[in-house]
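What follows is each chain in one-letter form.
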Amino acid sequence: MSKSNEFRMSSIIEFSNIAYLFCLGIIIILYAKPNLFYGFLFIILHLMFKIYRMYLYIFTNVQTHPTLINQSQILEDLKGLNKIPKHLAIMFWGDVKEKTLIEAAQLCCWTWCFGIKVLSIYEAEGNLKQNANSLQSHINNISQQFFIHEKIVPKIRVTALDTSINYENNDLNKSDLDLDLQVNLVSREDGRKHIIKTTKNLANDVIQGKFKSDDLDTAELDRRLSVPKLSEPQLIIFFSPNIDIDGFPPWHIHLTELFHIPENYKFGYSIFLQGLRKYSKCDQRFGR
């Protein structure tokens, strides 16, 4: 046997002995001082978790800046999607400032490029509703630049929902049918307060004999709680580290897919696209 082979064999044997002694030491510590072993194991797992969180932070924050996204890139991303939601909902991602209004306008342009017809942006306090006109102005300005190669700029209109209004089919503006994208601004008032108001109206109808309590079923609740301008979204994307609907109208999301990425604190196209990709792959059986 050559010297190189002898050295290789001796190295393998030495490594095997070290591995054997290491495993034997672990077993001895496990039986002699289990708390010490579990403490060491906890430190290792905690370190791995920290590394994973760091990876998520880098992945979600070191991405292409939203302003660099163009229509041609979105059309390429669209090719990989098997299906898209007809109605997309977004949980608002920060204080209502000029920067976030510009980002929201960019979001509307992305949404239209993916063929989505309805976009609902939820901001709990209602501050975004108060800035509806400013958001519409930003959309008009940004869409002119974003769709510079289009012969016709898509019609994108912002509507601040008001569930204090008793919407009927006749109340829907006929121009809604001509829109390329309807943007609904939703707040907490459109959720809990609307449910309370509907409950009171239902109770009054029963007391006045207009409606029998025995006739109450899911279909009737759907009719009373649903608002024509706020259909049920197929997907909600959270630009936040946690899933928190924060008062979003609960009756409208009982079959909605939810998407978020842990450790994400920012708005960005990457999260938007990942949410659409997840929805494209999901199999919604609806109880079947």
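What this report covers is the structure whose coordinates are included nearby. (Residues numbered from 1 in each chain as written. Predicted model: local features only at pLDDT ≥ 70, side-chain atom pairs only at ≥ 80, totals over all residues. Heavy atoms only, no water.)

Notes on the packing of aromatic side chains
Summed over all chains, the structure comprises twelve aromatic pairs. On the numbers, 4.9 Å between centres and 55 degrees between planes, the contact of Phe239 with Phe267 is tilted. Placement of Phe239 in the loop between β5 (235–238) and β6 (257–259) and of Phe267 in the loop between β6 and α9 (269–281) is noted, with a sequence separation of 28 residues between them. On the basis of an interplanar angle of 35 degrees and a centroid distance of 6.2 Å, the ring pair of Tyr269 and Phe272 is categorised as tilted. Of the two residues, Tyr269 and Phe272 are both situated in helix α9; the distance of three residues between them amounts to about one turn of the helix. Its relative accessible area of 4% is what places Tyr269 among the buried residues. An aromatic cluster of three or more residues is present, and its members are Phe92, Trp93, Trp110, Phe114, Phe239, Phe267, Tyr269 and Phe272. Its end group placed over the ring of Tyr279, Lys83 keeps NZ or CZ at 4.9 Å from the ring centre. (Phe/Tyr/Trp six-rings, centres within 6.5 Å; stacked < 30°, edge-to-face > 60°. Helix = DSSP H or I, 4+ residues; strand = E, 2+ residues; numbered from the N terminus. Buried < 20%, exposed > 50% of the residue type's maximum accessible area, 1.4 Å probe, protein only. Lys NZ or Arg CZ within 6 Å of the ring centre and 35° of its normal.)

Focus: the pairing of strand β2 (residues 118–122)
Of all five residues making up β2, five are buried, and the element is well covered by its neighbours. Of the two faces of β2, the one holding Val118, Ser120 and Tyr122 and the one holding Leu119 and Ile121 are both buried throughout. As paired strands, strand β1 (residues 87–91) and β2 are joined by five bridges and run parallel to one another. Its bridge partner being in β2, Ala89 is matched across the sheet by Ser120. Considered for its hand, the β-α-β crossover made up of β1, helix α4 (residues 98–113) and β2 is right-handed. Bridge analysis of β2 against strand β4 (residues 181–186) gives five bridges, and the strand direction is parallel. Within the sheet, the bridge partner assigned to Ile121 lies in β4 and is Leu185. (Pairing = 2+ DSSP bridges. Right-handed = clockwise from strand over helix to strand, strands pointing away.)

Side note on empty space enclosed by the protein
One pass over the full model with this rule turns up one cavity of 30 Å³ or more. By volume, the largest cavity amounts to about 30 Å³. Forming the walls of the largest cavity are Asp190, Gly191, His194, Ile195, Leu225, Pro249, Pro250, Trp251 and His252. The class makeup of the residues in the lining of the largest cavity is five nonpolar, three polar and one charged. (1 Å grid on protein atoms, 1.4 Å probe; cavity = no way out; pocket = protein on both sides within 12 Å on 5 of 7 lines; lining within 4 Å. Points joined across faces, edges and corners; volume = space filled by probe spheres on them. Nonpolar A, V, L, I, M, F, W, Y, C, P; charged D, E, K, R; others polar.)

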